[in-house]
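Summary of structural features
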Amino acid sequence: MVSADRPDHPVMLANRYERLVQSVVDYAIYMLDTTGRVVSWNPGAERIKGYRAEEVVGKHFSLFFTPEDCLDGRPERLLKQALEQGVAQDEGWRVRKDGTRFWALAALDVIRDEQGQVIGLAKVTRDITDRRESALQLDAVRAQLFQAQKLEALGQLTGGLAHDFNNLLTIIINSARMAKESQDPVRLRRMMEHILDAGQRGTELTKQLLTFARHRKLEVTQIAPAELLGATRGLLEHALPREIVLEEHLQPDLPLIDVDVGQLQMVLLNLLFNARDAIEGQGTIRLAVSAVELAGEVEGLCGAYVCFAVGDSGPGIEAKVLPRIFEPFFTTKPFGKGTGLGLSQAYGFAKQSNGAINVQSEMGKGTCMRLYLPACRHNSDGQLDG
Ligand SMILES: Nc1ncnc2c1ncn2[C@@H]1O[C@H](COP(=O)(O)OP(=O)(O)OP(=O)(O)O)[C@@H](O)[C@H]1O
Ligand SMILES: [Mg+2]
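Below, the structure is looked at part by part. (Residues numbered from 1 in each chain as written. Chains lettered and ligands numbered in written order. Predicted model: local features only at pLDDT ≥ 70, side-chain atom pairs only at ≥ 80, totals over all residues. Heavy atoms only, no water.)

Quick look at the side chain of Lys 123 now. Mapped onto the secondary structure, Lys 123 falls in strand 4 (residues 118-127). It is Asp 90 that comes nearest to the buried, bridge-free Lys 123 among opposite-charge side chains, at 7.2 Å. A distance of 3.0 Å separates a polar atom in the side chain of Lys 123 from a polar atom in the side chain of Thr 125. Filtering out sequence-adjacent residues up to four positions away, Lys 123 remains in contact with Ala 28, Ile 29, Tyr 30, Leu 32, Phe 61, Ala 106, Ala 107 and Leu 108. (Helix = DSSP H or I, 4+ residues; strand = E, 2+ residues; numbered from the N terminus. Buried < 20%, exposed > 50% of the residue type's maximum accessible area, 1.4 Å probe, protein only. Lys, Arg positive; Asp, Glu negative; His and termini not counted. Salt bridge = Lys/Arg side-chain N within 4 Å of Asp/Glu carboxyl O. Polar contact = N/O pair within 3.5 Å; in protein donor to acceptor, adjacent residues only side chain to side chain. Contact = heavy atoms within 4.5 Å.)

Quick look at the structure:
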């Protein structure tokens with residue numbers, strides 16, 4: 001026979017559970033009957049909601065909800081859901097006895113007897129107002145920071161643009177004025193050339209901006225990466241000093257890509273020039289093209305891609321500079337050496353081509369920029385290496 005003073009006797013167990021519930025002050029733990037009336041109350045419930053046991057036992061639990069939620073039938077809905085599904089969870093405003101509100105995280109679970117009959121519900125509520133407020137504050141700070149960064153980028157963009165166009169307009173206006181006053185046909189011709197040249201540079205600048213804004217229409221053709229690199233090499237030869245070695249690694253049998261060839265060339269040149277500018281004296285630039293299968297690791301891209309990687313043995317990019325390199329007009333180069341448009345253009349191009357560009361950089365070791373472009377679905381049939 002089991003003695004009633006044994007610790008595992010049902011009476012002793014019930015006592016211990018009662019003591020456990022009664023010692024909890026951080027959670028409101030109480031029971032409801034199947035119609036939603038309060039059956040029991042613990043010190044946590046009293047602390048959080050402000051009612052003493054004798055004030056609430058027998059009352060409907062909708063007492064703790066806001067008038068709006070009561071009108072909306074929220075307490076009944078929760079009760080119904082718990083009775084039908086065994087459990088219901090909720091997060092929202094609740095009202096204390098003194099009328100003040102707190103943000104509650106609540107769970108309702110059905111309680112059954114040995115025969116499986118529902119005899120009531122266990123209700124556990126936590127006051128998470130502080131947690132919610134700090135989360136909201138953090139969100140607000142983040143939003144402010146984002147807004148500030150956006151404004152700074154916008155300021156930089158307009159400032160840079162105004163500056164560059166102003167330079168070009170100064171050239172145009174001065175040349176036109178001089179041309180107007182000059183009788184010398186040779187001088188006149190030179191002035192006209194200056195005007196044309198400045199106009200042309202203005203057009204290039206708008207083109208770059210439009211690529212960044214992704215408003216420029218791409219002229220897409222199908223091309224083998226090897227063929228494209230062949231053409232780019234010609235452009236590069238004159239641009240790299242002798243101290244810099246260019247290594248090329250081209251994986252055989254690369255798939256074809258659908259791409260605006262002219263723009264891709266521009267982007268690759270921009271990446272190569274950035275690598276060249278980063279290297280002081282001797283160094284190596286490594287251009288590697290490979291086929292990769294992505295599964296979301298690069299900006300959520302999935303499927304077959306061709307990766308153009310431009311790595312350099314330069315000094316790497318400082319941590320405070322790194323998050324800004326894709327911003328338009330962000331440059332660390334001296335006046336006249338860089339406009340800060342190269343990478344923003346590369347970024348816009350990658351996005352518009354349904355690809356991505358990312359950067360990996362380590363101080364003292366160098367930088368690697370990787371451009372991912374989607375591979376064509378059909379196979380190259382061995383026509384690639386021509
Ligand atoms: N390979 C690299 N190594 C070190 N820093 C780099 C590298 N690539 C880019 N950067 C940094 O990113 C900045 C922005 O590059 P981006 O190509 O957009 O502009 P830029 O080269 O300064 O000017 P532009 O390309 O318009 O002539 C650079 O000024 C430089 O500070
Ligand atoms: Mg550049």
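Having seen the structure, we can now continue with the description.
This paragraph deals with the site of ligand 1. Residues in contact with ligand 1 amount to 16 residues; listed here are only the nearest, Asp 312, Thr 331, Thr 332, Lys 333 and Thr 339. Between Lys 333 and ligand 1, the recorded distance is 2.6 Å, taken from a side-chain N or O atom to an oxygen atom. For ligand 1, an oxygen atom lies 2.9 Å from a polar atom in the backbone of Gly 340. Bound to the protein, ligand 1 loses 89% of the 600 Å² it would expose on its own. Those elements giving two or more residues to the shell around ligand 1 turn out to be helix 9 (261-278) and helix 10 (342-352). Of the residues in the shell around ligand 1, the class split is six nonpolar, eight polar and two charged. (Near = heavy atom within 4 Å. Areas by Shrake-Rupley, 256 points an atom, 1.4 Å probe, with all protein chains shown as cover. Nonpolar A, V, L, I, M, F, W, Y, C, P; charged D, E, K, R; others polar.)

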